[in-house]
Amino acid sequence: MISFSKAEKKDFLDMIKVMRNTGYVDYSFPEKSDKEVETELLKSNNKFFICSDKNKIIGYFVVSKLKHYLDEAKELINLNEEFAYHFGIGIHSDYRRQSLALKLTEFVLENITQNFKGIYADVASNNFASLKLHEKLGFEKLIEYNSKKRAKGTKNVLFCKSFK
Ligand SMILES: CC(C)(COP(=O)(O)OP(=O)(O)OC[C@H]1O[C@@H](n2cnc3c(N)ncnc32)[C@H](O)[C@@H]1OP(=O)(O)O)[C@@H](O)C(=O)NCCC(=O)NCCS
């Protein structure tokens, strides 16, 4: 049985295992142990949501405030600070193509409408699965730009979804 929920402290180490599977840990916390990553995540102001199969965590979604993110985009386009920043989503490789990312995102958006007016997501231009996912979820593509956080030849594609 698949379920969706907010992550609690007890969930973090298992969630980090999924983050390792998707490449999120290597990308955001290179060379850190699971325990070190847990400490970093717990002290962040981000909100974490998870997708579970019975009691096994198989997916995550990270929501942040926009304040500390998308600085390069902010130089190119006006962004609304009342929107959230979609810091990342991942589904374990054994569970992909079952609409779980779609359903997890819908669950998260329903849970953050009280606190934010919308959400921005930035996706690497070569991440075909994530580009398709955001289009399917009704995110609007705002701009495509070069970013220091992407490898040469890969652009950052900025999406947005308003909750109105
Ligand atoms: C991107 C990711 C979260 C998608 O998870 P998922 O549960 O397999 O996605 P879903 O089954 O909900 O797919 C929803 C839609 O997204 C698109 N999509 C998802 N995976 C795709 C793929 N490999 N190729 C093409 N389209 C894809 C499709 O339009 C799909 O709808 P469809 O199955 O009806 O065609 C998953 O591939 C992943 O964890 N990747 C590694 C981490 C990552 O890149 N995260 C995004 C950047 S933050």
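Shown above is the structure to which this text applies.
Residues numbered from 1 in each chain as written. Predicted model: local features only at pLDDT ≥ 70, side-chain atom pairs only at ≥ 80, totals over all residues. Heavy atoms only, no water.

**Comments concerning the site of the ligand**
Working step 1: In the vicinity of the ligand lie 19 residues, with Ile89, Arg97, Ser99, Asn127 and Lys136 positioned nearest.
Working step 2: Take Ala101: an N or O atom from its main chain is 3.1 Å from an oxygen atom of the ligand.
Working step 3: In the model, an oxygen atom of the ligand is placed 2.8 Å from a nitrogen or oxygen of the Asn127 side chain.
Working step 4: Protein coverage of the free-state accessible area of the ligand, which is 910 Å², stands at 77%.
Working step 5: Looking at the shell around the ligand, the elements that each hand over two or more residues are strand E4 (84-91), helix H5 (100-112) and helix H6 (128-136).
Working step 6: Element by element, the count of residues in the shell around the ligand is highest for H6, at six residues.
Working step 7: A breakdown of the residues in the shell around the ligand according to their chemical character gives eight nonpolar, seven polar and four charged. (Near = heavy atom within 4 Å. Polar contact = N/O pair within 3.5 Å; in protein donor to acceptor, adjacent residues only side chain to side chain. Areas by Shrake-Rupley, 256 points an atom, 1.4 Å probe, with all protein chains shown as cover. Helix = DSSP H or I, 4+ residues; strand = E, 2+ residues; numbered from the N terminus. Nonpolar A, V, L, I, M, F, W, Y, C, P; charged D, E, K, R; others polar.)

**With respect to the nonpolar core**
Working step 1: Core analysis: the largest hydrophobic core is formed by 26 residues, its most contacted members being Phe61, Val63, Leu104 and Ile112.
Working step 2: Put simply, the parts of the chain that give this core at least two residues each are strand E2 (47-53), strand E3 (56-65), E4, H5, strand E5 (118-124), H6 and strand E7 (156-162).
Working step 3: The leading source of residues in this core is H5, at seven residues.
Working step 4: Among the nonpolar cores identified, the runner-up in size contains 16 residues, and Ala7, Phe12, Met15 and Ile57 belong to it. (Core = buried A, V, L, I, M, F, W, Y, C linked by side-chain atoms within 4.5 Å. Buried < 20%, exposed > 50% of the residue type's maximum accessible area, 1.4 Å probe, protein only.)

**Some points on the packing of aromatic side chains**
Working step 1: One pass over the full model with this rule turns up nine aromatic pairs.
Working step 2: Here the aromatic rings of Tyr24 and Phe87 are separated by 6.1 Å at their centres, their planes lie at 75°, and the arrangement is edge-to-face. Remark: Phe87 occurs in strand E4 and Tyr24 occurs in helix H2 (residues 24-28); sequence separation between them is 63 residues.
Working step 3: Overall, the relative accessible area of 23% leaves Phe87 in the partly exposed class.
Working step 4: Counting every residue linked through ring pairs, the aromatic cluster contains Tyr24, Tyr60, Tyr69, Tyr85 and Phe87. (Phe/Tyr/Trp six-rings, centres within 6.5 Å; stacked < 30°, edge-to-face > 60°.)

**Focus: the side chain of Ser147**
Working step 1: Among the structural elements, Ser147 can be located in the loop between strand E6 (140-145) and E7.
Working step 2: A distance of 2.6 Å separates polar atoms of two side chains, one belonging to Ser147 and the other to Glu72.
Working step 3: Look past the residues within four positions of Ser147 in its chain and what remains in contact with it is Glu72 and Asn156. (Contact = heavy atoms within 4.5 Å.)

**With respect to a positive patch on the surface**
Working step 1: Together, Lys6, Lys47, Lys65 and Lys67 make up a region of like positive charge exposed at the surface.
Working step 2: Here Lys67 lies in the loop between E3 and helix H4 (71-74). (Patch = residues over 30% accessible without salt bridge, like charges linked within 9 Å, V, L, I, M, F, W, Y side chains within 5 Å. Salt bridge = Lys/Arg side-chain N within 4 Å of Asp/Glu carboxyl O. Lys, Arg positive; Asp, Glu negative; His and termini not counted. Charge placed at Lys NZ, Arg CZ, Asp CG, Glu CD.)

**Examining the sheet that holds strand E1 (residues 2-6)**
Working step 1: Taken in spatial order, the seven strands of this open sheet run E1-E2-E3-E4-E5-E7-E6, and their pairing is mixed. Each of the sheet's edge strands pairs with one partner strand only, and the pair in question is E1 and E6. Across this sheet, the average inter-strand angle for adjacent strands is 25°, counted without regard to direction.
Working step 2: With seven bridges joining them, E3 and E4 adopt antiparallel strand pairing. Looking across to E4, one finds that Ser64 is bridged to Tyr85. (Pairing = 2+ DSSP bridges. Axes fitted to C-alpha atoms, helices over the stretch in contact; angles between N-to-C directions.)

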